[in-house]
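# Structural characterization, general
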Amino acid sequence: MDFSSRLIEEAVNQIARLPGIGKKTALRLVLHLVREKEELTLQLTEALNRLRTQIRFCKTCHNISDDEECAICRGPKRDRNVICVVEDVRDVMAIENTAQYNGLYHVLGGVISPVNGIGPADLNIESLVARLQSGQSTVNEVILALSPTLEGDTTAFYVHKRIQPTNVRVSVIARGVPVGGDLEYADEITLGRSILSRTQFS
Amino acid sequence: MILRRLSLINYRNYESAEVEFSPRINVLVGANGSGKTNLLDAVYYLSFTRSSRQPLDSLNVRHGQDHFSIRGDFEIRDRRDTVTVVLQPGARKSVRVNGSEYSRLSDHIGKYPVVLADPDDVDLIREGGEIRRRFFDILISQVDAIYLENLMRYNNLLKQRNSLLRLAGGRPDTLALESYDGLMAAPAAYIYQQRKAFLGRFIPVFDRYFRFLVDEHETASVEYVSGLDEMTLEEGMQRNRERDLVLQRTNFGVHRDDFRFLLGTSEMKKFGSQGQRKTMVIAMRLAQWDLIGADKGFRPILLLDDIFDKLDDHRIAKLLELMRNAFGQLFVTDARPDRTAGLLRNVNADVSVYTVSQGTITLQQ
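In short, a report on the structure. All values derive from a computational prediction rather than experimental measurement.

Reading the values: the criteria
Residues numbered from 1 in each chain as written. Chains lettered and ligands numbered in written order. Predicted model: local features only at pLDDT ≥ 70, side-chain atom pairs only at ≥ 80, totals over all residues. Heavy atoms only, no water. Salt bridge = Lys/Arg side-chain N within 4 Å of Asp/Glu carboxyl O. Buried < 20%, exposed > 50% of the residue type's maximum accessible area, 1.4 Å probe, protein only. Bend = angle between axes of the 7 residues up to and from the residue. Helix = DSSP H or I, 4+ residues; strand = E, 2+ residues; numbered from the N terminus. Polar contact = N/O pair within 3.5 Å; in protein donor to acceptor, adjacent residues only side chain to side chain. Contact = heavy atoms within 4.5 Å. Buried area = accessible area lost by both parts, 1.4 Å probe. Pairing = 2+ DSSP bridges. Axes fitted to C-alpha atoms, helices over the stretch in contact; angles between N-to-C directions.

### What to know about the pattern of salt bridges
All names here are of chain B. Per the stated rule, a full pass over the model turns up 37 salt bridges over all chains. Of the charged contacts, one joins E267 and R260 as a salt bridge, the two residues approaching to 3.3 Å between their closest N and O atoms. The class for E267 is buried, based on a relative accessible area of 10%. You can call R260 partly exposed: its relative accessible area is 29%.

Given below as structure tokens:
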């Protein structure tokens, strides 16, 4: 793409580095900023600056946080007997939105995938073990809420093995047919698993 | 199962072709390089969603073009299905049955079964274990979808495990290795059991066809050799841990299994004559056809590519006897029209002969 202005070109190239944004979209955003009041751009850059310099990861669960410890870990009404292990911050948000869970979290920051160069040491697994082994720990259950992919299964298997010595109960989220989904459209593996791990009708 | 009509656009050397087939015997004659094999390959493609000859799809597009499509009208008992495969630039390959597209191509495999016998088949006896594992894996996958799932899971885990062995410069996390061992154990056990069970069905049928073709007194057989004969996957992984770390790959598991073809007690790979091997691989394909048919409850399409060249007159006569009596729809290619005409004079069945030349197909009257 040929730009008449170096400044536009620079801004477009920077914005196009973001995931899901190509050069055309970037150009649209840049032209929009140029057309609008200067204030808009300043507010945006300020927010981004603050985001990047002030954002922190919770020292306990590695969730995104404004403080040293996140709001969930500090929450007075949270159940401190159970930790839900998830892949990343988006999973915390997804589970929080269900309003079905009131325990604590532990964000691994990814899943084990040596093909992509990610080994167990690259994830927040040791800090989970440390949490469980600490003297003040009241945790009696760890829920593994990882994606049912090969990498998710591997990570779950690994975490399970790693925390086995602590004797904490380990559970996994159920897998099956989605609510509101049509049975005939469920894939065979999911349907097969749902049959095998069927539950008592209640 | 019958393929009534086949339409090709830009597939290999075909610019555009449409042809109707006989429900029984279809003979394709034409010079080498005329497109006989490509036509069989298109039929194969509709069944397996890939070419038997060229795994790289962009190279299956006719020279200078950017897309291809294959369309086949099938009849299975009283059902009529149209299968289409379309490859277009910038889009993933699409496979549709009666207009609805698969989200996973593997769901299609086995639904429209086709068996191909071609001259490269002798590699099955001559070459390394990988090609034999592939033969049985494809065959078992066609009759058992769960097998394919397990195989894909096992292979993906194996790839991850091998990457892990290389990742940490020879000192990977032991617990991570054990995790892979643990996760691979179930699919490995399933693959091992099913390969064993399948051979139990395969051997008698294979032996029957082999001996029919050659009047042999010795028994033809296949021996399955697996590390899992001796110990579980996890035990084997434990024992090979040091070797795995040194070689940075996985040395134990069902990906190392082999199948040995035997006549009596002598191994064909080492002692078989050319003729014995050629007959043996044809018997393997016929057994494959037979077992898939038994499993599906209808006869798969049989594609015989250029196999008369490999057989003496007696064996050809025997094969024709089978063709006349037993098989369903059949496609045969031959580079020598005179020979084919002579051979088919004695076959009292519905035979259509097509001349293939430079990417065009004409029915001979």
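From this point, things continue past the structure.
### A short note on helix α5 (residues 174-214) of chain B
All names here are of chain B. At A185, α5 shows its maximal kink, close to 35°; a proline, P187, follows between one and four residues later. Where α5 starts, the residue carrying a side-chain oxygen 2.9 Å from the main-chain nitrogen of L175 turns out to be D173. At the C-terminal side of α5, D215 shows a positive phi close to 50°.

### Looking at the interface of chain A and chain B
Contacts between the two partners involve 18 residues from chain A and, on the opposite side, 19 residues from chain B. Summing both partners gives a buried area of about 1600 Å² for chain A against chain B, and 68% of it is carried by carbon and sulfur. The partner of R153 of chain B in a salt bridge is D153 of chain A, with the nearest N and O atoms 3.1 Å apart. The interface formed by chain A and chain B holds five residue pairs in polar contact (both at pLDDT 80 or more) in total. Elements that contribute at least two residues to the side of chain A that touches chain B include exactly α7 (150-163) and α8 (188-196) of chain A. The dominant element in the side of chain A that touches chain B, judged by the number of residues it contributes, is α7 of chain A, at eight residues.

### Remarks on the sheet that holds strand β12 (residues 301-305) of chain B
Residues and elements named next belong to chain B. Strand order across the open sheet formed by six strands is β8-β12-β13-β3-β14-β15, with mixed pairing between neighbours. Each of the sheet's edge strands pairs with one partner strand only, and the pair in question is β8 (114-117) and β15 (360-363). On average, each strand axis in the sheet is inclined to that of its neighbour by 20°, with strand direction left out of account. Across four bridges, the pairing between β12 and strand β13 (residues 330-334) is parallel. The residue of β13 that forms the bridge with D305 is T333.

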